[in-house]
Every structure is written in C-alpha cells, then in structure tokens.
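Here's the letter readout for the chains.
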Amino acid sequence: MKPILTFALSAVLATGAYAQNFPSKPITFVVPFAAGGPTDLVARHLAEAMRKTLGGNANIVVENAAGAGGTIAGTKVARATPDGHTLLVWHIGFAATTSLYRKQQFDPLKDFEFLGMINDVPMTLLGSPKLPANTYRDFEAYIRANGGKLNLAHAGLGSASHICGLMWQHAVKLDKSMTTIAYRGTGPAMNDLIAGQVDVMCDQTTNTTGQIEAGRVKAFAVTTAKPLSQHKLLKDYPSLQEMGLKNFNLTIWHGLYAPKGTPAEVTKKLNDALQAALKDPEFIKRQEDLGALVVTDKRKTPEGHRDFVRDEVAKLKQVIEAAGQYAD
C-alpha cells in the first residue's frame, strides 16, 4: 500500500476509534450568561437529558462565561480543541453578535459545527402599569403619539430583550424612536418597568410570565407568528403579525455548537444524544415549565440548524444596521 493511502487509512481508523470512545473526559457546556438565568437552566436541563444517551464517561458540566454580550463564551468555544468536549449553548444572540460586534474574534457561520437547535421561547411586549393603554391597538397608538418622550428598557446589548426591542421599533416604523435604556440584566430592567421608571420592555416568557400573572406589568402582544393558543396565561393575547406587523416572528431560540473541525463521527454522536433529549418527556416538561417549546422540526438537525441561523444572521443584520446601535 502506498504511504499516502496508508496514512489516510490510519487517520480514518484513528478517528473512528476516537469517536467510539467518545466522550473520554467530561464535556463542558459553555454558557454566555450567569448561573440561574434562562439559558443556564436550558443548558443544565439539556446536560442531564443528553447524559442518559451518551452514557459511560458522559459527565457534562456547565461553565458560565458571562460578559461582552456573549462573545467571551463564543470566543472560548471557537478556540477550543475540536474534540467534542467543549460545546456552546447560546440563544438568538449567537446570530446577532456578527452585526452588534463588528470586531469580534469569531464568525458564527464559519467557526462552529452546528449540532442542532434545542427550543423556542416566545417573547411578550410589555408596558408599565402606569401606561394608559390596555390593548395592543391603544398601546401602539400611544407609542406613536408619544414615542420621543418614552423609554424602552432592555437587559443589555445582545440580550433577548434588546433584540426584541430593536425588531419591534424597526417594524412599527415610529416617527420618533423611544429612548433606549440598557440595564445589567433582566431583573433591574423589570423592576424599573414595574415601578414606572421606564415605559416599555420586550422579553422572553421565561422572565415575564410571572410578572404578567401577578398584574405587575401590562402585556399587549406576543412575538410569535400566531397567538399562543395553548399557553394557559398568554392564549388571549394577539400576535404582532396578527396586529399588522407583516412577517413579524421572533422567538428566543437556543442552539448547541461545537468548534469547527470537530470530527463528523463525534458531531453525529452528539446530535444523536440531542435528538434523544428532545424526545425525553422529562426534558420536554422542564422546558414547558420554563415557557419554552422543544424544537421538533428540521432545525433540530445540523443542516436545518445551520440554514436557520444563516437566515437569522441576515434578518438581524438588517435591523441592527438600521438602528445604528453597535456594541463596539
């Protein structure tokens, strides 16, 4: 056998043996946010569910690498050894960073292997209890008449609430934009909304449902393409698309990523474990308790995940550039 062929065959056999023994050490899920937040909880629930399928040495730990809108975590995983033992769990901010951070050290579409999407979390458009409006129609009319005098809160650049607020303002095409106020997290922003210190906020149901149910804030609409007819609390609220915002469909989705160059046999093993997790009744129930919907369509595959993120990058780039709000 020629030397080149011998080397190639040896490499194939070595890769196969490596994949067969994978994982050979603990797997780390790197999360771009602090412990206890929605993305952190998704990662911890997923770790438990995937461990069941990977078996053997499948000890999965969660590392919180918060800061810089998620780019610290993204850079860490992009630069990690591509052996499947360091993975990234991130939400829609993964697709927004390429536009928000023009000098970031990784490319979301080029520096990762896409393993599959995990869930979708609907968003809700909220107002201070002091606002005079009680329906979405009245709310939008009030915002159009007073936009330049009002404040829109979000949990920091690249956060779910930031992206949602940008998209909504872009879609309604206000004559006078609201003043955007960035907070260090959802908690402080929500507290000021409840107190009437800020007027409007858009955030995921994992953060807002309890406040709506308690009557501390006013809810006006959901951001999904259709109303959440099965949601016990939000089923009676209209979707923004239903209210006339054409093609408005925004969820805070979460995906699983490995460094570029991770062996195909390893990424398949990881995706197989992800697929099993997405069918796990306990995992599904825990996601529903968070207000999230487990992904069941083609986005749960690597190819479908990659195609979806590519479209999200393009969509968010248009919104961010129109707003002219950058993080660098």
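Residues numbered from 1 in each chain as written. Predicted model: local features only at pLDDT ≥ 70, side-chain atom pairs only at ≥ 80, totals over all residues. Heavy atoms only, no water.

Draft legend 1. Molecular detail of the overall build of the protein. Scanning the protein from terminus to terminus reveals 11 helices and 10 strands. Scaling as 2.2 N^0.38, a compact globule of 328 residues should have a C-alpha radius of gyration of about 20 Å, and the protein matches this with 21 Å. Dimensions of the protein along its principal axes, counting C-alpha atoms only, are 80 × 40 × 30 Å. Of all 328 residues assigned to the protein, the portion counted as buried reaches 53%. Pairs at least 24 residues apart make up 78% of the contacts formed inside the protein by residues separated by at least 6 positions. Entry remark: accessible area of the protein is about 14700 Å², with carbon and sulfur atoms responsible for 52%. (Helix = DSSP H or I, 4+ residues; strand = E, 2+ residues; numbered from the N terminus. Rg over C-alpha atoms; globule rule 2.2 N^0.38 Å. Buried < 20%, exposed > 50% of the residue type's maximum accessible area, 1.4 Å probe, protein only. Contact = heavy atoms within 4.5 Å. Areas by Shrake-Rupley, 256 points an atom, 1.4 Å probe, with all protein chains shown as cover.)

Draft legend 2. Representation of the environment of G127 within the structure. Among the secondary structure elements, G127 is positioned in strand β4 (residues 112–127). Each C-alpha atom of the pair G127 and V200 lies 4.5 Å from the other, and the pair is 73 residues apart in sequence.

Draft legend 3. Molecular detail of the side chain of H162. With respect to the helices and strands, the residue H162 is situated in helix α6 (residues 160–172). Within polar-contact distance, the side chain of H162 engages the backbone nitrogen of G158 at 3.0 Å. Setting aside anything within four residues of it in sequence, one finds H162 in contact with L100, H154, G156, L157 and Q325. (Polar contact = N/O pair within 3.5 Å; in protein donor to acceptor, adjacent residues only side chain to side chain.)

Draft legend 4. Geometry of the packing of helix α2 (residues 38–54) against helix α9 (residues 264–278). At a minimum axis separation of 8 Å, α2 and α9 run at an interaxial angle of 115°. In this structure, the crossing between α2 and α9 has a hand that is right-handed. For the pair α2 and α9, contact is made by L46, A49, M50, T53 and L54 and by K269, L270, A273, L274, A276 and A277, respectively. (Axes fitted to C-alpha atoms, helices over the stretch in contact; angles between N-to-C directions. Left-handed = near helix turned anticlockwise from the far one by under 90°.)

Draft legend 5. Region of interest: the nonpolar core. With 55 residues, the main nonpolar core has Y136, F139 and W168 as its most contacted residues. For this core, the leading source of residues is α6, giving 7 residues. Every residue in contact with F139, bar those within four places of it in the chain, is listed here: L125, L126, L131, A133, W168, V200 and F220. Core analysis: the second largest hydrophobic core is formed by 30 residues, V31, L54, L256 and L278 among them. (Core = buried A, V, L, I, M, F, W, Y, C linked by side-chain atoms within 4.5 Å.)

Draft legend 6. Representation of the pattern of salt bridges within the structure. Taken as a whole and judged by the stated rule, the model has 14 salt bridges. Residue D83 is joined to K25 by a salt bridge in which the shortest nitrogen-to-oxygen separation is 3.7 Å. Residue D83 is located in the loop between α3 (71–78) and β3 (86–90), and its partner K25 is located in the loop between α1 (3–21) and β1 (27–31); the two are separated by 58 residues in the primary sequence. We classify D83 as buried; its relative accessible area is 14%. A relative accessible area of 43% means that K25 is categorised as partly exposed. (Salt bridge = Lys/Arg side-chain N within 4 Å of Asp/Glu carboxyl O.)

Draft legend 7. Structural detail: the confidence of the model for the protein. For the protein, the average pLDDT comes to 90, and 94% of its residues sit at 70 or higher. Residue range residues 5–14 is modelled with pLDDT below 50. Its contacts to residues more than four positions away, or to other chains, number 2 contacts. (pLDDT = per-residue confidence, 0-100.)

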